[in-house]
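# Chains, contacts and geometry: an overview
In case you want the letters, here they are:
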Amino acid sequence: MKARKIKDGVFWLGYIDWDRRLFDSLVPLPNGTSYNAYLVQGTEKTALLDTVDPCAVDTLMSQLEGVPNIDYVVVHHAEQDHSGTLPRVLDKYRSAKVVTNPNCKRLLTDLLEVPEDRFMMVEDGQVLPLGGKTLKFVYTPWVHWPETMVSYLQEDRMLFTCDLFGSHLATSDLYAVDEAHVYEAAKVYYGMIMMPFRAAVEKNLEKLKPYDIGMIAPSHGPVYNKPSLVLDAYQDWVSGPPKNLVVLPYVSMHDSTRIMVMHLVDALAQRDVRVQQFNLAVTDLGKLAVTLVDAATIVIGTPTVMANPHPSVVYATYLTNAVKPKLKFAAVIGSYSWGSKVVEQIGAMLPNLKLEALPSVICKGLPREADLNALDALADAIAEKHRALGFK
Ligand code: FEO
């Protein structure tokens, strides 16, 4: 795709990666992604804000063919999907300076061997005049690396945020016009990338509140020409209370656990508790992550494999612990044939979460009447806990 004008002197550059299906060999990308860079041309100086993933180097270099000079390359974040093409850009523009903060400089030196004499350090709050366009740098550490910062283009009221507020979404839309689609993609992105750093995100949202933001330009997904879409969503995801929702990831090998899951889901629905079940044998982990953003309770369903939880459950439990959702209550359900330690083992895998344990239900072989009654009692306990949180 060619460069696209956003405002006079402000252009989108980058690459829409329609076909990418996995990020960091971990994050599913059912909708592809994009790597956005932005060009800001003042009357005296020109700045490129971030670069692109190395897979898109040819596209970026071709978009820069008509740009005779770049004075500054602002690097908001050192991860290679944004910085990986920096060495090629610096080769082309021999006098360009890398404008960043000391933490990012250290990372760029380690990751890309950017030479010392190419850097220009900026402090938190420092401005950089380009001639009729002024960039102000705001340190926003830990969204989701320690060096992250954003820039505010004062004259155009544009905030360039790199990963913050991003969405893994390939689209030909320059702006977030399909709001429901973008909201969902941004929520998955938040759940997988930003949620583990919720406290830092919350602090940085506060820090950005004084800015009059007319547009948010992230480095993944479309530009928000109505920033309230993502700003209000982040406020809810980060600091709003959890919702009347149970997330139920499970695996079943010989149907016993599946029967228990079906019974519990029905029992929860009867008690007006919303539930999302995920069969980990077929689910997209992004969908699990987006449910974890809101859920108040997790129930993990697992068969017993050599006295342990099923490996797919171990993986999902590890990720749940890593992304640090707002969950408050937890239980384990499942079955075994000759012995099981799944409740203790799953409990020990969630140290990051301050969870209140509800009565788990583990049955021997097929679930029988007493087991189904215990699931009903678990549904009662969940509904009671949710009511106590003020859920209608
Ligand atoms: Fe889009 Fe942290 O990289």
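Residues numbered from 1 in each chain as written. Predicted model: local features only at pLDDT ≥ 70, side-chain atom pairs only at ≥ 80, totals over all residues. Heavy atoms only, no water.

## Details of the sheet that holds strand β13 (residues 158–162)
Remark on secondary structure: sheet strands pair via backbone hydrogen bonds, oriented parallel or antiparallel. With respect to topology, five strands assemble into an open sheet ordered β10-β11-β12-β13-β14, the strand pairing being mixed. Because the sheet does not close on itself, it has two edges, and the strands there are β10 (127–129) and β14 (215–218). Averaged over neighbouring strand pairs, the angle between their axes works out to 20° when direction is ignored. As defined by bridge partners, strand β11 (residues 134–139) adjoins strand β12 (residues 149–153) across five bridges and the pair is classed as antiparallel. Paired with L135 across the bridge in β12 is L153. (Pairing = 2+ DSSP bridges. Helix = DSSP H or I, 4+ residues; strand = E, 2+ residues; numbered from the N terminus. Axes fitted to C-alpha atoms, helices over the stretch in contact; angles between N-to-C directions.)

## Side note on the packing of helix α5 (residues 179–194) against helix α9 (residues 285–294)
At their nearest, the axes of α5 and α9 sit 8 Å apart, and the two run at 85° to each other. Relative to α9, α5 is oriented roughly perpendicular. Touching E184, K187, V188, Y190, G191 and M192 of α5 are L285, G286, A289, V290, V293 and D294, all from α9. Of the residues contributing to the contact of α5 with α9, the split by class is seven nonpolar, two polar and three charged. (Parallel < 35°, antiparallel > 145°, perpendicular 65-115°, else oblique. Contact = heavy atoms within 4.5 Å. Nonpolar A, V, L, I, M, F, W, Y, C, P; charged D, E, K, R; others polar.)

## A short note on the sheet that holds strand β7 (residues 72–74)
The strand order β1-β2-β5-β6-β7-β8-β9 describes an open sheet built from seven strands, whose pairing is mixed. Edge positions in the open sheet fall to β1 (4–7) and β9 (119–121), since each of these has one partner strand only. Each strand of the sheet is rotated relative to its neighbour by a mean of 30°, with strand direction disregarded. Bridge count for β7 against strand β8 (residues 97–100) is three bridges, and the pairing is parallel. In the sheet register, Y72 faces β8, and the bridge partner there is K97.

## Things to note about helix α7 (residues 228–239)
For α7, built from twelve residues, the straight-helix expectation of 16 Å at 1.5 Å per residue is met to within 8% by its first-to-last C-alpha distance of 16 Å. Here α7 has its buried residues at L229, V230, A233, Y234, W237 and V238. What you see down the axis of α7 is that its buried residues fit within an arc of 130°, all on one side. Summarising the contacts, the buried residues of α7 are in contact with α5, α6 (198–208), β14 and α9. (Expected span 1.5 Å × (residues − 1). Buried < 20%, exposed > 50% of the residue type's maximum accessible area, 1.4 Å probe, protein only. Arc of directions from axis to C-beta.)

## Here we look at the domain arrangement of the protein chain
What the domain assignment lists for the protein chain is domain 1 (4–239) and domain 2 (243–384). Centre-to-centre, using C-alpha coordinates, domain 1 lies 38 Å away from domain 2. If you look at the interface, domain 1 gives 15 residues, while domain 2 gives 16 residues. Regarding the contact of domain 1 and domain 2, the summed buried area is about 1300 Å², with carbon and sulfur atoms giving 63% of it. Summed over the three residues of domain 1 that lose the most area to domain 2, namely K187, M195 and P196, the buried surface amounts to 35% of that side. Among the ionic pairs, D294 bridges to K187, the shortest N-O distance being 2.4 Å. Put simply, domain 1 and domain 2 have five residue pairs in polar contact (both at pLDDT 80 or more) between them. Put simply, the parts of the chain that give the side of domain 1 that touches domain 2 at least two residues each are α5 and α7. Of the residues belonging to the side of domain 1 that touches domain 2, the class tally is ten nonpolar, one polar and four charged. (Domains from an automatic or database assignment. Buried area = accessible area lost by both parts, 1.4 Å probe. Salt bridge = Lys/Arg side-chain N within 4 Å of Asp/Glu carboxyl O. Polar contact = N/O pair within 3.5 Å; in protein donor to acceptor, adjacent residues only side chain to side chain.)

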